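Coordinate analysis (summary)
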Amino acid sequence: MSGSEALARVRDRLVEQARADEAVLAAAFTGSLGIGDTDRWSDVDVALGVAHPPESVAAEWTRWLDSEFGVLHHWDLPTADARVIRVYLLTNGVEADVSFLPETEYGARGPRWRAVFGPDPAREPFPAPRHDLLVGLAWHHVRHVRVCLERGRLWQAEHWLGALRTQVISLSCLRLGLPTEYAKGAHLLSEEFTRSLEPTLPRSLTALEISRALSALVTVLIGELEHSAPETAAKLAPALTCWAGFQGTRMPPLRGNAPRSPDGATDGL
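Residues numbered from 1 in each chain as written. Predicted model: local features only at pLDDT ≥ 70, side-chain atom pairs only at ≥ 80, totals over all residues. Heavy atoms only, no water.

Taking 1.5 Å per residue, 15 residues should reach 21 Å; helix 3 (residues 54-68) reaches 20 Å between its end C-alpha atoms and fits that length. Those residues of helix 3 lying buried are Pro54, Val57, Ala58, Trp61, Thr62, Trp64 and Leu65. Just downstream of helix 3, Gly70 is the residue with a positive phi angle, here 85°. (Helix = DSSP H or I, 4+ residues; strand = E, 2+ residues; numbered from the N terminus. Expected span 1.5 Å × (residues − 1). Buried < 20%, exposed > 50% of the residue type's maximum accessible area, 1.4 Å probe, protein only.)

Now the structure itself:
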């Protein structure tokens, strides 16, 4: 069975099971299925509006999926309410993401939604990420790359460098109205912008190479901030440039501030 055939079979059986389950009031496709843009590598994303407690419905569906396809592993995306968003890896290689939602939570909150059956209410859209949060995470990550370089923790420095790149991509996507999560809008960014990110990839795990990549990434970050928040860019640019200037020496204090060690209040992050 091909990947496309396996995906289609899982999709169809999920819908059949939803229609047959008296605990399920409504169903919809989400994600790529919600906008009809799938390929053989797509997940099967389904939202179910349920009349019974979501946890109990999810338990029954987990048993059914295991008997129907075989479940190699499953886990729940953390939520702050009664929703259960369960992610399954099936033995045929398909990932099925099934959201079990109370009736009061069920409904479209964005464009990636296609009703299959049952009531189809519209809900308050999920908020876009806050620009100031993305900016804050960006400067935080720049500083922590430098802190890790100072301490000789190269793998941790590379971790923060990758996290910083994610924030820079998200900032550009937010400004252009593109999807911001998981770099889903990255392939829609301009070739000029994505080419500017290529030098931000370290070519080896050495302090000077990570520093070189950091300097390139800070240049892209400052340029992005100049587009979306010029005043913020002007305020942050000196600090960002200072932190990107690692040459195997101790991190200097910011001009006008008392000397500080690399240890910060968020050092445990």
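Once you've had a look at it, read on.
Here the focus is unusual backbone geometry. If you check the backbone angles, Tyr182 has positive phi at about 55° while not being a glycine. On the secondary structure map, Tyr182 appears in the loop between helix 5 (154-176) and helix 6 (191-197). According to the relative accessible area criterion, Tyr182 is exposed, its value standing at 70%. The phi angle at Ala183 is positive, at roughly 60°, despite the residue not being glycine. Take Ala183: it is sitting in the loop between helix 5 and helix 6. Relative accessible area serves as the criterion here: at 36%, Ala183 is assigned to the partly exposed category.

For the pair helix 5 and helix 7 (residues 207-228), the least separation of the axes is 10 Å and the interaxial angle reads 20°. Judged by the inter-axis angle, helix 5 sits roughly parallel to helix 7. Helix 5 and helix 7 meet at a crossing whose hand is left-handed. Across the interface between the two elements, Leu154, Ala157, Glu158, Leu161, Leu164, Arg165, Val168, Leu171, Ser172 and Arg175 from helix 5 touch Ala207, Ile210, Ala213, Leu214, Leu217, Val220, Leu221, Glu224, Leu225, His227 and Ser228 from helix 7. When the residues that make up the contact of helix 5 with helix 7 are grouped by side-chain class, the tally is 14 nonpolar, three polar and four charged. (Axes fitted to C-alpha atoms, helices over the stretch in contact; angles between N-to-C directions. Parallel < 35°, antiparallel > 145°, perpendicular 65-115°, else oblique. Left-handed = near helix turned anticlockwise from the far one by under 90°. Contact = heavy atoms within 4.5 Å. Nonpolar A, V, L, I, M, F, W, Y, C, P; charged D, E, K, R; others polar.)

Here the focus is the environment of Val220. The residue Val220 is located in helix 7 in this model. With a relative accessible area of 10%, Val220 lands in the buried category. Along the sequence, Val220 and Arg165 sit 55 residues apart, while their C-alpha atoms lie 9.4 Å from each other. Setting aside residues up to four positions removed in sequence, Val220 forms contacts with Val168, Phe193, Ser196 and Leu197.

This brings us to the pairing of strand 2 (residues 44-50). Within strand 2, seven of the seven residues are buried, which leaves the element mostly enclosed by the surrounding structure. Where burial is concerned, the two faces of strand 2 agree: the one with Val44, Val46, Leu48 and Val50 and the one with Asp45, Ala47 and Gly49 are both buried. Bridge count for strand 1 (residues 24-30) against strand 2 is five bridges, and the pairing is antiparallel. Among the inter-strand pairings, Ala28 is bridged to a residue of strand 2, identified as Ala47. Here strand 2 pairs with strand 5 (residues 95-102) via seven bridges, running parallel. What sits directly across from Gly49, in strand 5, is Leu101. (Pairing = 2+ DSSP bridges.)

Pairing within the open sheet is mixed, and its six strands lie in the order 3-4-5-2-1-6. Strand pairing shows two members of the sheet lacking a second neighbour, strand 3 (71-77) and strand 6 (113-117), which therefore form its edges. The sheet shows a mean angle of 25° between the axes of neighbouring strands, direction not considered. Across the sheet, helix 3 is in contact with strand 1, strand 2, strand 3, strand 4 (84-90) and strand 5; its angle to strand 4 comes to roughly 10°.

Turning our eyes to something else, we now look at helix 8 (residues 230-243). The first and last C-alpha atoms of helix 8 sit 20 Å apart over 14 residues, in line with the 20 Å expected at 1.5 Å per residue. The largest bend in helix 8 is about 45°, located at Leu236, with the proline Pro238 one to four residues further on. Within the sequence span of helix 8, burial applies to Ala233, Leu236, Ala237, Ala239, Leu240 and Trp243. (Bend = angle between axes of the 7 residues up to and from the residue.)

The next point concerns the confidence of the model for the chain. Mean pLDDT over the chain stands at 91; residues scoring 70 or higher make up 91%. Per-element confidence in the chain ranges from a low mean pLDDT of 92 for helix 2 (residues 31-34) to a high of 98 for strand 4. In the predicted structure, residues 256-267 sits below a pLDDT of 50 and forms 19 contacts with residues beyond four places in sequence or in another chain. (pLDDT = per-residue confidence, 0-100.)

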